[in-house]
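Read off the chains here:
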Amino acid sequence: MQKAKRKQRARQRKPAKASKIILIITVCAAAIAGGFFGFYKFESGIVYKEVYLEAGSDMPDVSEFLKRDAKDASFSKDSTFDTQVPGDYKLTIKYKAPLFGSLSLPVTLHVTDTTAPVVEALPEYLFFTYQEGKPEAKDLLASVTDATKWTAAFSGSYDFSSVGEFNAEVTVTDAAGNNATVSVPCKVINDTTAPTISGVEPLAVSQGDTISYTANVTVTDDYDKNPTLEVDTSAVNPDKRGIYNITYIATDASGNKSEASTTIQIKSMVIAAATESTVNKMADDILSEIITPGMSQLDEARAVFDWVVANITYSETAGIDDLLSAAYKGMYNRVGDCTVKQKTAEVMLNRLGIKNMEIEKIRDTRGHYWLLIDVGEGWYHYDPNAQLDGSLIFYWHDEDLWNYSNTHGNTHNYDKSKYPTIQ
Ligand SMILES: [Ca+2]
Ligand SMILES: [Ca+2]
């Protein structure tokens, strides 16, 4: 009987235990729900979940997403956005909350573009028949202002292939699809008129002066604002006195060409003190020291060669084509270029009665001058300059000179048709 009662009590107690558990679960659930609710309330109390920004605005600061002052708030590193590109950017704001610790709060930045582009058309657009195809729509515009990327397109189809006049409509559309249309007066032109060249007159310069071929020359064209101007100066040798032809060639964008020719006079620099008697006296004084009785003409030519090489310092100075002036410079100043050396030697050789003649390299970026001498055995090369590698070209056979020139950057390639046979 007692056993039966215990069992009954035990049965009676069971439901009491279950309800306690349910109660605890309910209390916990309410607490958790309350916690979430509280957290949600807390979180939404900190940030605006959606922020709208017109494209082109300044970069928004994190504070613009916050409902309250929060010194420690910042965008997470992967929160990137471009205020020039419309779109919905999912961003995360990092925030250190007093109760909840470090929080990552999701927000959305909506970059919108509601402003149509501001478009300025060209007052007139010219297209030339030489420009094949057709222009791009943007070529017809003077300016476009918009916060976002834009594209321009012709609103219709226009014929740029034949001469004529028409208005072309161009529509500019921004990244959000806002657009603006302008109408542009177009002319398709066949330019057949060559540019006009003016101010072409004979020129004269002294050796060593800078030559300005185009200082007084102007070119104008009916359509091309900047026609090209070339000057053909290939006939001019600035190292040699003379009058040379020059030709101006102007070309417009359509390829029409016009030409105008004139001349340039190259005048030698002349040293006033370099009179014939002064220069001969200077030469004779030097010769009296280097020429001894009994020397052959070849020995004498060598003595002159050695004096010039040893006593005139090479200097890249202005060319001096006047024989007496160049020799004066060589003997008095003892400095000069290949012309000064060659002409100093020439004056001395003349005083000694040794046959000689000037020979010149085919001019490329620079010229070079030396002599041929004939002491009764025919012509030989005679260049009273120490070459860059130290070679001394004294009384060289023609074949040796060519071998040297061909292996040393064409130092002495000359025009064979202009000179007598060289040994
Ligand atoms: Ca826009
Ligand atoms: Ca023209």
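Residues numbered from 1 in each chain as written. Chains lettered and ligands numbered in written order. Predicted model: local features only at pLDDT ≥ 70, side-chain atom pairs only at ≥ 80, totals over all residues.

Asker: Now, about the overall build of the protein: what can you tell me, with residues and values included?
Answerer: Check the secondary structure of the protein and you find six helices and 22 strands. A total of 423 residues make up the protein; the buried ones form 24% of that total. Look at the contacts in the protein between residues 6 or more apart in sequence, and 56% of them connect residues 24 or more apart. (Helix = DSSP H or I, 4+ residues; strand = E, 2+ residues; numbered from the N terminus. Buried ≥ 20, exposed ≤ 12 C-beta atoms within 10 Å, placed from the backbone. Contact = placed C-beta atoms within 7 Å.)

Asker: Describe unusual backbone geometry, listing the residues and the values that go with them.
Answerer: Its identity is not glycine, yet Arg334 carries a phi of approximately 55°, on the positive side. For Arg334, the location among the structural elements is in the loop between α4 (323-333) and β18 (335-336). Although it is not a glycine, Asn410 sits at a positive phi angle of roughly 55°. Within the fold, Asn410 resides in the segment after α6 (398-407).

Asker: Explain the nonpolar core to me, using residue names and the numbers behind them.
Answerer: The biggest cluster of nonpolar side chains holds 36 residues, and the ones touching the most others in it are Ala301, Val304, Ile373 and Tyr382. Take this core: its biggest share by element is six residues, from helix α5 (residues 338-352). Among all residues touching Ile373, those that are not within four sequence positions of it are Ala301, Leu349, Ile354, Lys355, Asn356, Tyr380 and Tyr382. One finds Val119, Leu140, Ala168 and Val170 within the second-largest nonpolar core, a separate group that totals 12 residues. (Core = buried A, V, L, I, M, F, W, Y, C linked by C-beta atoms within 7 Å.)

Asker: I'd love a proper account of the sheet that holds strand β2 (residues 74-75), names of residues and values included.
Answerer: Taking strand neighbours across the sheet as the criterion, the four strands line up as β1-β4-β3-β2 in an open arrangement whose pairing is mixed. Of all the strands in the sheet, just β1 (50-54) and β2 have a single pairing partner and so form its edges. In the sheet, β1 pairs with strand β4 (residues 101-112) via five bridges, with the strands oriented parallel. Within β4, the residue paired with Tyr52 across the bridge is His110. (Pairing = 2+ DSSP bridges.)

Asker: Any chance you could break down the confidence of the model for the protein for me, citing the residues and the numbers?
Answerer: Low pLDDT means the predicted atomic positions in that stretch should not be read closely. Per-residue pLDDT for the protein averages 89, and the proportion of residues at 70 or more is 89%. In this model, residues 1-16 is a region of pLDDT below 50 whose contacts with residues beyond four sequence positions or in other chains number zero contacts. (pLDDT = per-residue confidence, 0-100.)

Asker: Can you explain the sheet that holds strand β10 (residues 179-189)? Please cite residues and give values.
Answerer: An order of β6-β10-β9-β8 is seen for the four strands of this open sheet, with the pairing classed as mixed. Bordering the open sheet on either side are β6 (125-128) and β8 (150-154), each of which pairs with just one other strand. Within this sheet the neighbouring strands show an average axis-to-axis angle of 35°, counted without direction. In the sheet, β8 pairs with strand β9 (residues 164-174) via five bridges, with the strands oriented antiparallel. Across the sheet, residue Ala153 finds its bridge partner in β9, namely Thr171. (Axes fitted to C-alpha atoms, helices over the stretch in contact; angles between N-to-C directions.)

Asker: Any chance you could break down the environment of Thr193 for me, citing the residues and the numbers?
Answerer: Within the fold, Thr193 resides in the loop between β10 and β11 (196-198). If we skip the residues at most four places from it in the chain, Thr193 touches Asp222 and Asn256.

Asker: So what about the packing of helix α2 (residues 276-290) against α4? Which residues, and what values?
Answerer: For any two helices packed against each other, one specifies the crossing angle of their axes together with the interaxial distance. The N-to-C vectors of α2 and α4 enclose an angle of 40°; their axes lie 10 Å apart at closest approach. As far as their axial angle goes, α4 and α2 are oblique. When you trace α2 past α4, the crossing you get is left-handed. Residues Glu276, Val279, Met282, Ala283 and Ile286 of α2 form the contact with α4, whose own contacting residues are Leu324, Ala327, Tyr328, Met331 and Tyr332. (Parallel < 35°, antiparallel > 145°, perpendicular 65-115°, else oblique. Left-handed = near helix turned anticlockwise from the far one by under 90°.)

Asker: With reference to specific residues and values, describe the pairing of strand β15 (residues 242-251).
Answerer: Here strand β14 (residues 228-232) pairs with β15 via five bridges, running antiparallel. By the bridge assignment, Glu230 is partnered in β15 with Ile249. Bridging between β15 and strand β16 (residues 257-267) involves 10 bridges; their strand directions are antiparallel. For Thr247, the partnering residue across the bridge sits in β16 and is Ser261. Hairpin geometry of β15 and β16 is characterised by an intervening segment of five residues between the two adjacent antiparallel strands and by a positive phi of about 90° at Gly255.

Asker: Describe in detail the environment of Asp146, supporting the description with residues and values.
Answerer: Among the structural elements, Asp146 can be located in the loop between β7 (141-145) and β8. Separated by 27 residues in sequence, Asp146 and Val119 have C-alpha atoms that sit 8.8 Å apart. Excluding residues within four positions of it along the chain, Asp146 makes contact with Pro117 and Asp174.

Asker: Provide a residue-level description of the packing of α4 against α5, including the pertinent values.
Answerer: Two elements in contact, α4 and α5, have axes separated by 8 Å at closest approach and are oriented at 100°. Comparing their axes, α5 and α4 come out roughly perpendicular. Residues Leu323, Ala326, Ala327, Lys329, Gly330 and Met331 of α4 pack against Thr339, Val340, Lys341, Lys343, Thr344, Glu346 and Val347 of α5. Tallied by class, residues from the contact of α4 with α5 come to six nonpolar, three polar and four charged. (Nonpolar A, V, L, I, M, F, W, Y, C, P; charged D, E, K, R; others polar.)

Asker: Any chance you could break down the environment of Asp69 for me, citing the residues and the numbers?
Answerer: Along the chain, Asp69 falls in the loop between β1 and β2. Counting along the chain gives 23 residues from Asp69 to Ile46, while the straight-line C-alpha distance between them is 8.6 Å.

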